[in-house]
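So you can see what is in the structure, the chains are spelled out below.
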Amino acid sequence: MNPHPPATSDASEAVTPQALRKQYEAGATVDELVTASGLSYGTVLNRLHDAGTAMRTSWQTRRMRKNPQARQRLAAHLRTLYEQHGATLTELAAAAGETRRGARRLLIEAGGTVRTTQQTLRMRAAARAAERYKVALSLRVRYEAGATVPELAREHSYSIATVYRLLHQAGTPMRPQHQHGPAHHPRKQP
């Protein structure tokens, strides 16, 4: 099993069938590949089959996991998922085919430190905020290149208010608003 999971951005294009096969044959389970790649279970299976992978049964995987080196690799992989990708113990348990308690034990064996629920929530909120800021910067670039707010809203399936909020978050200097409708003339006093 590869201790470095595949990239999750544009996962459906970046994760090749050969890369999945290599990880699977090194001991990763289909569930672990799903968690690491962000692909659906069916997509991972299809790509493994496309690469001509000889699939294991669950007892073959368990027997393979009895190997101390395989356990160390699994523990290191879980630590990477936990520390670098913000996975929870429940997600680690699903990735390892273990209970939460077993996943916790593996994490500690790999030298990891268990977070509190609040630490995990803060970590995930920070990751979401960073991702949202990247989106805001990309919208700013498109806006400064001449795109209108309604165009950006349609392209990204956001509301116009969300696009304005993201543009302001990115510090975008806004163009003057256009006056739509009939011209407004001040009333003359009789």
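Scroll up to find the structure this text is about.
Note that the structure is predicted; figures quoted are calculated from it, not measured.

**Q** An account of the overall build of the chain is requested, with residue identities and associated values reported.
**A** When helices and strands are counted, the chain shows eleven helices and zero strands. In sequence order, the secondary structure elements of the chain are arranged as α-α-α-α-α-α-α-α-α-α-α. Scored against the burial criterion, the 190 residues of the chain give a buried share of 32%. Pairs at least 24 apart in sequence give 62% of the contacts found in the chain among residues at least 6 apart. Accessible surface computed for the chain: about 12,400 Å², of which carbon and sulfur atoms make up 54%.

**Q** Summarise unusual backbone geometry; cite the residues concerned and give the values.
**A** The phi torsion at serine 157 lies on the positive side, around 55°, for a residue other than glycine. Within the secondary structure, serine 157 sits in the loop between helix H10 (149–156) and helix H11 (160–169).

**Q** Break down the packing of aromatic side chains for me, citing the residues and quoting the values.
**A** On inspection of all chains with the given rule, the structure shows zero aromatic pairs. Arginine 56 extends its terminal NZ or CZ atom over the ring of tyrosine 24, reaching a point 4.0 Å from the ring centre. The ring centre of tyrosine 143 lies 3.9 Å from the NZ or CZ of arginine 175, which sits over that ring.

**Q** Please set out the nonpolar core residue by residue, giving values where relevant.
**A** Counting residues in each nonpolar core, the largest one holds 14 residues, and the members touching the most others are Leu78, Leu81 and Leu92. Residue assignment for this core shows that the elements contributing at least two residues are helix H6 (68–84), helix H7 (89–96) and helix H8 (100–109). Residues in contact with leucine 92, not counting those within four places in the same chain, are Leu78, Leu81, Tyr82, Ala87, Ala103 and Leu107.

**Q** Can you break down the packing of H7 against H8 residue by residue, with the values?
**A** Interhelical geometry of H7 versus H8 gives an angle of 95° and a closest axis separation of 8 Å. In terms of axis orientation, H7 runs roughly perpendicular to H8. Here Leu89, Thr90, Leu92 and Ala93 of H7 lie close against H8, whose contacting residues are Arg100, Ala103, Arg104 and Leu107. By residue class, the composition of the contact of H7 with H8 is five nonpolar, one polar and two charged.

**Q** Residue-level account of the packing of H6 against H8, with values.
**A** Any two packed helices are characterised by how steeply their axes cross, that is the angle between the axes, and by the distance between the axes. For the pair H6 and H8, the least separation of the axes is 8 Å and the interaxial angle reads 95°. Judged on the interaxial angle alone, H8 and H6 are roughly perpendicular. Judged by residue contacts, Arg71, Leu74, Ala75, Leu78, Arg79 and Tyr82 of H6 engage Arg105, Leu106, Leu107 and Glu109 from H8. Its residues assigned to classes, the contact of H6 with H8 shows six nonpolar, no polar and four charged.

**Q** If you had to explain helix H2 (residues 17–25) to someone new, which residues and values would you point to?
**A** Turning to H2, its buried residues are Leu20, Gln23 and Tyr24. Viewed end-on, H2 has its buried residues packed into an arc of 100°, placing them on one side of the element. The exposed residues of H2 that point more than 90 degrees off its buried face are Gln18 and Lys22. As for H2, its buried residues are in contact with helix H3 (30–37) and helix H4 (41–50). Immediately downstream of H2, the backbone of glycine 27 shows phi near 125°, a positive value.

Parameters at a glance
- Residues numbered from 1 in each chain as written.
- Predicted model: local features only at pLDDT ≥ 70, side-chain atom pairs only at ≥ 80, totals over all residues.
- Heavy atoms only, no water.
- Helix = DSSP H or I, 4+ residues; strand = E, 2+ residues; numbered from the N terminus.
- Buried < 20%, exposed > 50% of the residue type's maximum accessible area, 1.4 Å probe, protein only.
- Contact = heavy atoms within 4.5 Å.
- Areas by Shrake-Rupley, 256 points an atom, 1.4 Å probe, with all protein chains shown as cover.
- Phe/Tyr/Trp six-rings, centres within 6.5 Å; stacked < 30°, edge-to-face > 60°.
- Lys NZ or Arg CZ within 6 Å of the ring centre and 35° of its normal.
- Core = buried A, V, L, I, M, F, W, Y, C linked by side-chain atoms within 4.5 Å.
- Axes fitted to C-alpha atoms, helices over the stretch in contact; angles between N-to-C directions.
- Parallel < 35°, antiparallel > 145°, perpendicular 65-115°, else oblique.
- Nonpolar A, V, L, I, M, F, W, Y, C, P; charged D, E, K, R; others polar.
- Arc of directions from axis to C-beta.

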